[in-house]
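Residues per chain, in single letters:
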Amino acid sequence: MKALQHALLLLLSTHATLTVTADLMIGDQVCMTGFIMDTFCIERGTLLDAPSVTTMKNPELHSYHCLLDVGVCINSGYQVLGSKDPMNGLHCPGLRIDDTDKVLAAGRAHGTTMDDPNQAFFACSTCSGPDDNPIAGYKATIIGTVSELGDGMGRVTGAPGADSVAGTPLLTNIQVLDSMVACDPTIMVTVEADAGGNECLIRSAGDNDVVAPPPMMDDIPTVTDATDAVVATTTTTVAAPPPADVSDLMVGDEICTTGFIMDTFCINRGTLLDAPSVVTLQNPDLHSYHCLLDVPVCVNSGFQVLGEKDPSTGEYCLGYRLEETDTVVASGRAAGSVEDGCTTCTGNGMGTKGYRATVKGVIKELGDGSQSVSGQPLLTNIQMLDASVECATPAPKTVCLEPPPAEITTTPAAINPPIEGEDCSSDFCETTLTEGYTLKYKINEADATVTMEATYKGEAWLGIAFSEDERMGGSDGILGSPGGIPQKYRLNQGFIEILSPEEQTLTEATMETTEDGDQTMTVMRFTKLLVEPNHIDVTAGVNKMLWANGGDSTTIGYHGTNRAPIQINLASGASDTVSAPNMGAWLAHGICAFVAWGMLAPSAVNSAIYRSLFKGPLWFKIHQFANASAYALTVIAFAIAVAFISKEGNPHWFSSHAKMGLSMFIIASVQVLWGAARPHLPGPDSGDEKTTIRKVWEIKHRLTGTILLACGFWQMSAGIKLFAGKYSGVGSVQEQGVTIAYWIWIGAEVALLLIGGVYFKLLRKPVEDDGGNDAKPPTQEKEDDAV
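### Re the overall build of the chain
Moving on, step 1. Per the secondary structure count, the chain includes 16 helices and 32 strands.
Moving on, step 2. Long-range pairs, those at least 24 residues apart, make up 67% of the contacts in the chain between residues at least 6 apart in sequence.
Moving on, step 3. Element-wise, carbon and sulfur atoms account for 56% of the exposed surface of the chain, whose accessible area totals about 37,100 Å².

### Re the pattern of salt bridges
Moving on, step 1. In this structure the tally under the stated criterion is 13 salt bridges.
Moving on, step 2. Between K528 and E532 there is a salt bridge, with its nearest N and O atoms 3.2 Å apart.
Moving on, step 3. Among the residues examined, K528 registers a relative accessible area of 2% and is labelled buried.
Moving on, step 4. Each of the salt bridges in this network shares a partner with another, and the network as a whole consists of K690, R694, E698 and R702.

### Some details on the state of the cysteines
Moving on, step 1. The final tally for this structure, using the stated rule, is 6 disulfides.
Moving on, step 2. Covalent S-S linkage joins C256 and C391, the inter-sulfur distance amounting to 1.9 Å. Because the torsion about its S-S bond is -75°, the bridge between C256 and C391 counts as left-handed. A residue pair is termed long-range when its members are at least 10 positions apart, and C256 in strand β12 (residues 254-263) and C391 in the loop between β20 (378-386) and β21 (429-434) qualify at 135 residues. The same class applies to C256 as to C391, namely buried.
Moving on, step 3. Here C266 is not cross-linked by a disulfide; its sulfur's nearest cysteine counterpart is in C298, at 4.1 Å.
Moving on, step 4. Taking the relative accessible area as the measure of exposure, C266 reaches 0% and is therefore buried.
Moving on, step 5. Cysteine C298 remains unbridged, with the sulfur of C291 as its closest cysteine sulfur at 3.6 Å.
Moving on, step 6. By relative accessible area, which is 0% here, C298 ends up buried.

### Remarks on the nonpolar core
Moving on, step 1. Of all hydrophobic cores here, the largest spans 31 residues; its most connected members are L439, Y441, M452, I464 and L570.
Moving on, step 2. When near neighbours in sequence (up to four residues on either side) are disregarded, L570 contacts C424, Y441, I443, V450, M452, F466, V538, T539, G541 and N543.
Moving on, step 3. Residues C92, L95, L104 and Y138 belong to the second largest nonpolar core, which totals 30 residues.

### With respect to the sheet that holds strand β9 (residues 170-178)
Moving on, step 1. With mixed pairing, the 5 strands of this closed barrel are ordered in space as β2-β5-β6-β9-β7. Strand-to-strand twist of the sheet, defined as the mean angle between neighbouring strand axes without regard to direction, takes the value 55°.
Moving on, step 2. In this structure, strand β5 (residues 78-80) lies alongside strand β6 (residues 95-97), joined through 3 bridges in antiparallel fashion. By the bridge assignment for β6, Y78 is matched with I97.
Moving on, step 3. Most of the contacts of helix α5 (residues 100-110) go to β9, to which it runs at about 10°, and overall it touches β2 (29-38), β5, β6 and β9.

### Observations regarding the packing of helix α12 (residues 618-647) against helix α13 (residues 656-676)
Moving on, step 1. Running from N to C, α12 and α13 point in directions that differ by 150°, and their axes come no closer than 11 Å. On the basis of the axis angle, α12 is roughly antiparallel to α13. The handedness of the crossing between α12 and α13 is left-handed. Across from Y631, T634, V635 and F638 in α12, the residues of α13 making contact are G661, L662, F665, A668, S669 and V672.
Moving on, step 2. A breakdown of the residues in the contact of α12 with α13 according to their chemical character gives 7 nonpolar, 3 polar and no charged.

### Topic: the packing of aromatic side chains
Moving on, step 1. Inspection of every chain in the model, using the stated rule, returns 10 aromatic pairs.
Moving on, step 2. When the ring of F638 is compared with that of F665, the centres are 4.1 Å apart and the planes differ by 5°; the resulting orientation is stacked. Here the residue F638 occupies a position in helix α12, and F665 occupies one in helix α13, the gap between them amounting to 27 residues.
Moving on, step 3. A connected cluster of aromatic rings, assembled from ring pairs, spans F594, Y742, W743 and W745.
Moving on, step 4. Taking NZ or CZ as reference, K139 lies 5.1 Å from the ring centre of F35, over its face.

### Notes on the packing of helix α11 (residues 583-609) against α12
Moving on, step 1. Where α11 contacts α12, the two axes come as close as 8 Å, and the packing angle between them is 160°. Classified by the angle their axes make, α11 and α12 are roughly antiparallel. In this structure, the crossing between α11 and α12 has a hand that is left-handed.
Moving on, step 2. Looking at the contact of α11 with α12, its residues break down into 23 nonpolar, 6 polar and no charged.

### Some points on unusual backbone geometry
Moving on, step 1. One non-glycine residue, E508, adopts positive backbone phi at about 50°.
Moving on, step 2. Unusually for a residue other than glycine, N534 sits at a positive phi of about 60°.
Moving on, step 3. Looking at where N534 falls in the secondary structure, it is placed in the loop between β29 (519-529) and β30 (542-549).

### Considering the sheet that holds strand β22 (residues 437-444)
Hydrogen bonds between backbone atoms are what pair the strands of a sheet, whose relative direction is either parallel or antiparallel.
Moving on, step 1. In space, the 5 strands of this open sheet follow the order β21-β22-β23-β29-β28, with antiparallel pairing throughout. A single partner strand is all that each edge strand has here, and the edge strands are β21 and β28 (507-516). Geometrically, the sheet is characterised by an average inter-axis angle of 15° between neighbouring strands, direction not taken into account.
Moving on, step 2. Examined bridge by bridge, strand β23 (residues 449-457) and β29 share 9 bridges and lie antiparallel to one another. Of the residues in β29, the one forming a bridge with E453 is R525.

### Looking at α13
Moving on, step 1. Look at α13: 30 Å from first C-alpha to last across 21 residues, which is about the 30 Å you get at 1.5 Å a residue.
Moving on, step 2. Turning to α13, its buried residues number three or more, namely H657, A658, M664, F665, A668, S669, Q671 and G675. The buried residues of α13 occupy an angular sector of 160° when projected down its axis, which confines them to one face. Seen from the open side of α13, the exposed residues pointing more than 90 degrees away from its buried face are S656 and L673.

### Digging into the environment of G712
Moving on, step 1. Residue position: G712 is located in helix α14 (residues 692-726).
Moving on, step 2. Distance from G712 to A601, taken between C-alpha atoms, is 9.2 Å for residues 111 residues apart in sequence.
Moving on, step 3. If we ignore the near neighbours within four places in the chain, the residues touching G712 are W597, M664 and Y742.

### What about the confidence of the model for the chain?
Moving on, step 1. Averaged over all residues, the pLDDT of the chain equals 79, while 80% of them reach at least 70.
Moving on, step 2. Throughout residues 767-787 the model reports pLDDT below 50, and contacts reaching past four residues in sequence, or to other chains, amount to 41 contacts.

### Here we look at the environment of F303
Moving on, step 1. Position of F303 among the secondary structure elements: in strand β15 (residues 303-305).
Moving on, step 2. Measuring from C-alpha to C-alpha, the distance between F303 and E324 comes to 8.6 Å, with 21 residues separating the pair along the chain.
Moving on, step 3. When sequence neighbours within four positions are dropped, the list of residues in contact with F303 reads I261, M262, D263, T264, L292, C298, Y320, R321, L322, T325, V328 and V329.

Cut-offs applied
- Per chain, the residues get numbers from 1 upward, laid out in the order the sequence is written.
- Since the coordinates come from a predicted model, pLDDT governs what is reported: local features require at least 70, and pairs of side-chain atoms require 80 or more to be given and counted, while whole-chain, interface and lining totals use all residues.
- Side-chain numbers here rest on the full set of heavy atoms in the structure, without hydrogens or water.
- Helix and strand labels come from DSSP, where a helix needs a run of H or I of at least four residues and a strand needs a run of E of at least two; each type is numbered from the N terminus.
- The criterion used for residue contact is that any of the two residues' heavy atoms lie within 4.5 Å.
- Calculation of accessible area relied on Shrake-Rupley with a 1.4 Å probe; when residues are assessed, cover is drawn exclusively from the protein chains displayed.
- The salt bridge definition used is simple: a Lys or Arg side-chain nitrogen within 4 Å of an Asp or Glu carboxyl oxygen.
- Only protein chains enter the area calculation, which uses a 1.4 Å probe; residues under 20% of their type maximum are buried, those over 50% are exposed, and those in between are partly exposed.
- Criterion for a disulfide: a pair of cysteine sulfur atoms at a distance within 2.5 Å.
- Each nonpolar core is a collection of buried residues, namely Ala, Val, Leu, Ile, Met, Phe, Trp, Tyr and Cys, held together in the definition by side-chain atoms within 4.5 Å.
- In short, DSSP must find at least two bridges between two strands for them to pair.
- Here the axes come from fitting lines to C-alpha atoms, over the contacting stretch only for helices, and the angles between their N-to-C directions go from 0 to 180 degrees.
- Roughly parallel means an angle under 35 degrees; roughly antiparallel means over 145; roughly perpendicular covers 65 to 115; every other angle is labelled oblique.
- In a left-handed crossing the near helix is turned counterclockwise from the far helix by less than a right angle, and in a right-handed crossing that turn is clockwise.
- All amino acids are sorted into three groups, where Ala, Val, Leu, Ile, Met, Phe, Trp, Tyr, Cys and Pro are nonpolar, Asp, Glu, Lys and Arg are charged, and the leftover types, Gly among them, are polar.
- Only the six-membered ring of Trp is used, alongside the rings of Phe and Tyr, when aromatic pairs are assigned; centres must lie within 6.5 Å, and planes under 30 degrees apart are stacked while those over 60 apart are edge-to-face, with the rest tilted.
- Placement of a charge over a ring requires the Lys NZ or Arg CZ to be within 6 Å of the ring centre, with the centre-to-atom vector within 35 degrees of the ring normal.
- In a helix, the anticipated span is given by 1.5 Å times the number of residues less one.
- The directions from the helix axis to the C-beta atoms form the arc being described.
- Values of pLDDT, the confidence the predictor places in each residue, fall between 0 and 100.

Given below as structure tokens:
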């Protein structure tokens, strides 16, 4: 469509290609078309996403992902490049752009999220354009006002291929248009190399060269067909005959009608999603382009062109359903303005609310005859024209609804009556989630949204989620990491999945890191709809929520103990930390584990090391009893963990603690079975040596026991941290006290093991395996079988 608009511009105007050198001045309005490039890659010299490619030589190979997703590129600012110098093949520096947000919005609306089939580029994760749009080489037409001249004083921008942007003029109050939109010759400039290729000159069309300046895009109807474009601008409209009767319509009839474009969701809802106090069919002129064209629930419901206003009810009549949603969306976005919240709009028009258009199409279905959207005729093969284009033959008058009931509920379900406390609809309320992590929020009643700002002391990924049961599984999360933007995820137990581009309805979504003295701060901001299909409703009341952060990690992943449930009243600012369930069960799990691996297992090992101090087989009995008891308590602790992880709906074997617990349980079970099946020693009077299998068994038995004991010490320390994190005790005096006491105890146990091992195995003559001189013949076999 935009290519055809460009062709129309060329048909309507003719101007020579000769240019004159321009001397720009502050306040000049200029227009220029070229590749959009970030300052970081210009100054780097090569593309960040393709290090072998020279930036100013092949900007067409710069991926949308690198340009629009990567923080270091975004934060460096953008420039529209000049022409390529045929002598050295390098592009000239162009004009700097001071409004990064507008470049991002237009670029992301143009780019596609589709993967590169050749795998040369990463997909643009923040783009929302059609699948067949380009993935690299973003080109655009930029209109703006010169606010700074640069080092070149508005005449020169530097040499071809220069890696400095200091010499380029700066544009403000910009419009970012499709590259197929031609500049008005009266303000058009180019940046081209001089004859010697030594410097890049700013040039403009000479006043005498202009024969007939083309009209600006605001003056041209938005069209979808070149023939219709010419007709729309050259045909003389005759007096229209009276409209036909809708009952006379037949499939195949051609229809032309002008009216407000409305989405089916807001028609069926009864009130505008972005203005809940406004009845949809009474004031479609108040429906924002943002809600109509950005919000998936509106876009995916389909569109209709409304009829005339019924004076008896004050409501607009239902019109014609429109089959081609993509055509409606493309036309609307081209007519809308990004300046007032429509993040996907790309046009230079002034449209912000009440999108009107003239629609031509062919009737495909007559509808079911009901007084509803489904009862209206369906148009196919539609053409979207500017509302100023008049129809030669008006369409038949469509169905008008009966007068509405006396009482209409206009407040969405998500808005609850206000309660006592702060008023979080007039100003931001704040809740401390945990030490160093706060959340500000404000209910926006006008458009049924909530704006949130999470601030974290440190540099890490951040997450806020809405839950039905204070568990991760099935929750709706908003996660973001430095260098990216917050996006919506569906949280599951053990893994997360990013939602489709159609469901990414967040607005004003940003991630930034700032410096507060010596402290780095991470800030995540976003605005979210309160009610969305297939999402958990957010209420202006008490909400069950979850928070998480990456600690010191900026890569979105497992949060460890850096998470907790919380209940927040988004209307009053009241909040309650939610206590995790089953505290007694997890305390019992920890006690069993500590007695098993902090007391009994070390005692079993020490009984073997210090066996020369015992008479007869006593050491062996202690060894057996301690090991058997430790294993029994391990089984109990393992069973508690498995049972309550299942009860809480969490995944098994997901955390490192769970994986280590499973490994220890399996190895300890094998150790017990291996001990029961130990090879016997030769008789005391046989004079035979230990068999090879006996020697191997002893090495394995001792080595496995040592490994299990070391793992047990680590596992118990990790368990203390997990317990503190689960029950909001991280960093508390209680956690610190338990940790100190634990390591003092373990230190004493390890000291006994080391002292005994060094003394009895190295400094003192090894004791024979018969258990000591006091051993009696009846007990000889038991002692000899011991290790």
